[in-house]
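Geometric and topological summary
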Amino acid sequence: MERRGRAVIDPKVRQVGFVTPGEGTDLINLAIPLEQGANSPSPVLIPPVRINDGASVAPAKAAPMPVPSPTSRRHPTVDVNLPLVGLDEKAKEGKTKSLKERTSKAERRAAQEAQRAAKKAAEESGGSKPTKGDVGGTGASQKDSKASKGTHQKTNSAERRTSSSGKPADKGQEKEKKKDVPAPRMQFDDAERVAKAKKRSLVEQTETKNRVELFRHLPQFVHGTQLPSLESKFFQDESMHPHPAIYKVGLQYLTGDLVGGNARCVAMLMAFREMIQDYSTPPEKIFVRDLTQKINSHVSFLNTCRPLAISMGNAIKFLKTRVVNLAEELSEAEAKASLIAEIDRFIQEKILYADKEIVKHAVQKIRDGDVCLTYGSSCVVEMILLKAHEMGKKFRVVVVDSRPKLEGKRLLKRLLSEGLDCTYTYINAMSYIMQEVTRVFLGAASVLANGTVYSRVGTASVAMVAHAFSVPVMICCETYKFHERVQLDSITANELGNPDALVKVWGRRDLTDLEGWSPEDKHLQLLNLTYDATPSDYVAMVITELGMVPPSSVPVILREYRRELPG
Amino acid sequence: MVGTMPDVQPLVDEFITKLNRRQVEGSLDTAKLALVLLRQVISAQRIPPNSPANTLIEAIKSVGVRMIAANPIELAVGNIVRRVLHIIREEDASLATTVVTGVTTAVDSDDEDNLDIREQASSHAVAAANRSVLRAPSLHNLLESMPNPIRADVTVASTGDSDARSRSGDKNSRSWKLKHNVIESINELLVELQDYHSQVAEQALEHIHQNEVILTLGRSRTLLHFLLGAKKKRSFQVVVAEGSPRFQGHKLAKELTAEKLSTTLITDSAVFAMISRVNMVIVGAHAVMANGGVLAPVGLHMVALAARRHAVPFVVLTGLHKLCPLYPHNPYSLLNDMKSPSEVLDFGEFSDCLNGATGGPQCHVFNPTFDYIPPELVSLFITDTGGHNPSYVYRLVAEFYSPEDIVLQ
């Protein structure tokens, strides 16, 4: 791999961690980590980065840096990378972290002052000690880094050359890097945070008494208890109650009328559109701040109706960025109009147009005589199959379905009504049917940064069996659904559905073994998972509107194309 | 074609009707009933003095072919028939050698009782040797497989015209002895079948340890006994996948909960999600084929693949009555049982599409009952005779079945 630029890493000096180079932070040096970072097999031509603040840049020089240098492209003042689930979580984690910090901050600052004094006196550039301290202190939170950055600003200029000056820039860099790492999600086995979240929430939910131990970190509520409290709260507290459009959408999520990443996201955005339309700033409040707060409360409402999908989370992030980035001089009406236009544009570009592009790419992969298998009901895959049929291709479709949702039946109905010959079976019989299948098309709720496909439960099994029979698996997913987090298995992040759905088998009255199951049953637990994580080696390619890419290109797309959108 | 005795005929017909109507459920019960029936056939069969074994073999074959044809899916029937045939051949061979040794050793004694006793004494040693001869189709045997029993007859004929009386006496007692031995062996086999569950459950403590998580799909009675056997001393958890479209997993979950084992019920689609936290997969089988491949309830191939991916041992509980000497050619089509699509898809909404005559788009629905798991995916077979590797199965087949019986015309 050739190296552009003149900086050469001295092989003897291995600097691990966040280290500043000795000299200059110019454009060329920035190109190096980008290239090194882009070790991924698909070389996407990277547009040159925009640097706002040259001084605060500290790209890493060590070759095996997994997190590429992102810093300069960001507005240093605005915290753009907002966590998914409203600002509540971030404030909370900031609070808990600051508690920890208060105890050790003083002593840490004292230590740093001492070190700086020693460095100043010695004027050495063997920066291993402070950098080690930095690496150790990387675990410290952003608060620490922000504070120390503030205090150290004064002593900066002279020390910037020496590597010990790596500290403030390091801290700044760490802070920026931390923004890249997606904020940790709320873990429900942390009792304090759960209690805090409960206080803020609009809806009361009773937790199940019988929790599956493995999933303690996920919310497990008794289904059906949300509705009564929702209805009562709706008419009570004027300031707290959600906008009717959002309430309606929330109810649709709760009852399961609205399923599917795209459908839920579009419905939510349309509801927000209405809300913004009807919104008027209360007196003595600032438009941006109040609107953001309103959006947050609505988001937490939707979250309690049903945990947010990743697509919805990304859309909310987008919306909040737009709100925050509104120009100062716009009047309220203009601001609202601009926001509404942005929402419309998002839906048009990221969802509708993206779907059309995906269909255009994917139909090239269907040939005459193919047998295409799909699992569950994905709207994109449905569009692909219908388009291919419209184009006159002769192929068969196999729809694989599973309990308890049996979403494949809807897809089957729609395909049959359009005149496609279909085969239908349960997921158990997949090994039987896979022998005659030539292509597998699957939809996804999201594709994560390590290439893992996060999708409806059962997708992983389909991909695995297809892989065992050497059938290519193609995931059809719009780029707005990609997410920076990583996941190795299906347990670390998931959604638990209603366990009662397992008890009754529709259409089979003779199955009464589980009748009389109650959540108090000590020995029996019913687990109804909603999602699972498919490892990337089962996936042949991911079809996005940007083209057909291997799953290893997903982090590249995340880095290059998604960063530009909010900014 | 040897005619069976008339009083056995109605019993045979009744059993065959039951098989036809699928009224007998489960390979163990089928095996027991088949064995009992065959024992009756043997005891009722009148055996001519010369070539008693062949008479018996023909009788069993004629009944067996009808039983297999009544329910070809239930491979246990064919296994038992072949097992009985093997027993007959074995006993015949051991008796033939004892007669030879008996005549040569007891030249001077006229006492028939003494003769019998000495025959008995040496017969065990000879029978053991004979069994080893019968078991391994070694090159030594292949060249002279057929003449063995005949040779015994010939030697007897040549040795003694000392008394015609004693010779006919020998022959009579020999056919009687053959029948007697065969019925004894069948009784032993029956006892083995009765004890099958407890024999397998005894081995449970070696495999299941404290705080382990076991995954299974569907329901197997052997598995239930196995888990309960382990539960006496160890505490562990079980994850049961429901096994649609029969949903036997629900029943198993209920049974396990009744015994106070902590159970989690999941859908089949969640198997890949959960298997990363599982220590072992233990399942029952419908049949084990001669190459070590397993016919198991549908969905288990997916579980086996997931288990291999996560390096989780895949253990199959089986009994020797499920061991089939056939090789699985095209198991998905030939050894499968396709059930009604109504279990998978309700006819109401899709009835036009399921009917070919309407000319519209066609909807095919598949509902297979069994999955074939190739031997590479199986880690261990646990049988009533202990644990075995899939690559050892061919030896078991050679021990319990004769090569001449594999194809029953």
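Residues numbered from 1 in each chain as written. Chains lettered and ligands numbered in written order. Predicted model: local features only at pLDDT ≥ 70, side-chain atom pairs only at ≥ 80, totals over all residues. Heavy atoms only, no water.

Brief notes about the interface of chain A and chain B
Definition in use: Should any heavy atoms of two residues lie within 4.5 Å, those residues are counted as being in contact. As used here, buried area is the combined drop in accessible area, with a 1.4 Å probe, of two parts when they are placed together. The salt bridge criterion pairs a side-chain nitrogen of Lys or Arg with a carboxyl oxygen of Asp or Glu, the two atoms within 4 Å. Any N or O atom pair separated by 3.5 Å or less is treated as a polar contact, with the protein-specific requirement of one donor-capable and one acceptor-capable atom, and with residues adjacent in sequence counted only for side-chain atom pairs.
Between chain A and chain B, the residue contacts involve 58 residues of the former and 52 residues of the latter. Taking both partners together, chain A and chain B bury about 4,700 Å²; carbon and sulfur atoms supply 65% of that area. On the chain A side of the contact with chain B, A:Asn428, A:Tyr432 and A:His523 bury the most area, a combined 16% of that side's loss. Salt-bridge contacts for B:Glu242 lead to A:Arg403; the nearest nitrogen and oxygen are separated by 2.8 Å. Here chain A and chain B share 19 residue pairs in polar contact (both at pLDDT 80 or more) between them.

Considering helix α12 (residues 310-324) of chain A
Our working rule: Here a strand is any run of E in DSSP of at least two residues, a helix any run of H or I of at least four, and the numbering for each starts at the N terminus. Helix span is expected to be 1.5 Å times the residue number reduced by one. Three exposure classes are used, based on accessible area relative to the maximum for each residue type with a 1.4 Å probe and protein chains only: buried under 20%, partly exposed in between, and exposed over 50%.
Taking 1.5 Å per residue, 15 residues should reach 21 Å; α12(A) reaches 21 Å between its end C-alpha atoms and fits that length. Here α12(A) lies mainly inside the structure; 14 of its 15 residues are buried.

Structural notes on the side chain of B:Asp337
For B:Asp337, the location among the structural elements is in the loop between α15 (331-334) and α16 (347-354). Beyond its immediate sequence surroundings of up to four residues, B:Asp337 is in contact with B:Ile73, B:Asn367, B:Pro368, B:Thr369 and B:Phe370.

Regarding the domain arrangement of chain A
Residues and elements named next belong to chain A. The cut-off we apply is this: Domain ranges listed in this record stem from an automatic or a database domain assignment. Residues are grouped as follows: nonpolar covers Ala, Val, Leu, Ile, Met, Phe, Trp, Tyr, Cys and Pro; charged covers Asp, Glu, Lys and Arg; every other residue, Gly included, is treated as polar.
Structurally, chain A comprises domain 1 (191-351) and domain 2 (366-495 + 530-564). Taken together, the contacts link 18 residues of domain 1 with 23 residues of domain 2. Taking both sides of the interface into account, the surface hidden between domain 1 and domain 2 amounts to around 1,600 Å²; carbon and sulfur atoms contribute 53%. The interface formed by domain 1 and domain 2 includes 2 salt bridges. One salt bridge connects Lys317 with Glu484, and the closest N-O pair in it is separated by 3.6 Å. For the pair domain 1 and domain 2, the interface holds 6 residue pairs in polar contact (both at pLDDT 80 or more). Taken together, the elements giving at least two residues each to the side of domain 1 that touches domain 2 come down to α10 (261-278), α12 and α13 (332-362). Here the residues of the side of domain 1 that touches domain 2 sort into 9 nonpolar, 5 polar and 4 charged.

Some remarks on the domain arrangement of chain B
Residues and elements named next belong to chain B. Taken domain by domain, chain B comprises domain 1 (1-100 + 171-196) and domain 2 (208-400). Between domain 1 and domain 2, the C-alpha centre-to-centre distance is 30 Å. Carbon and sulfur atoms make up 55% of the surface buried where domain 1 meets domain 2, a total of about 1,600 Å² over both sides. For the pair domain 1 and domain 2, the number of links is 1 salt bridge. Here Arg221 makes a salt bridge to Asp29, at a shortest N to O gap of 3.6 Å. Seen at the junction of domain 1 and domain 2, the total is 6 residue pairs in polar contact (both at pLDDT 80 or more). Within the residue set of the side of domain 1 that touches domain 2, elements represented by two or more residues are α2 (27-44), α4 (75-105) and α8 (164-194). Here the side of domain 1 that touches domain 2 gets 8 residues from one element, more than from any other, and that element is α4.

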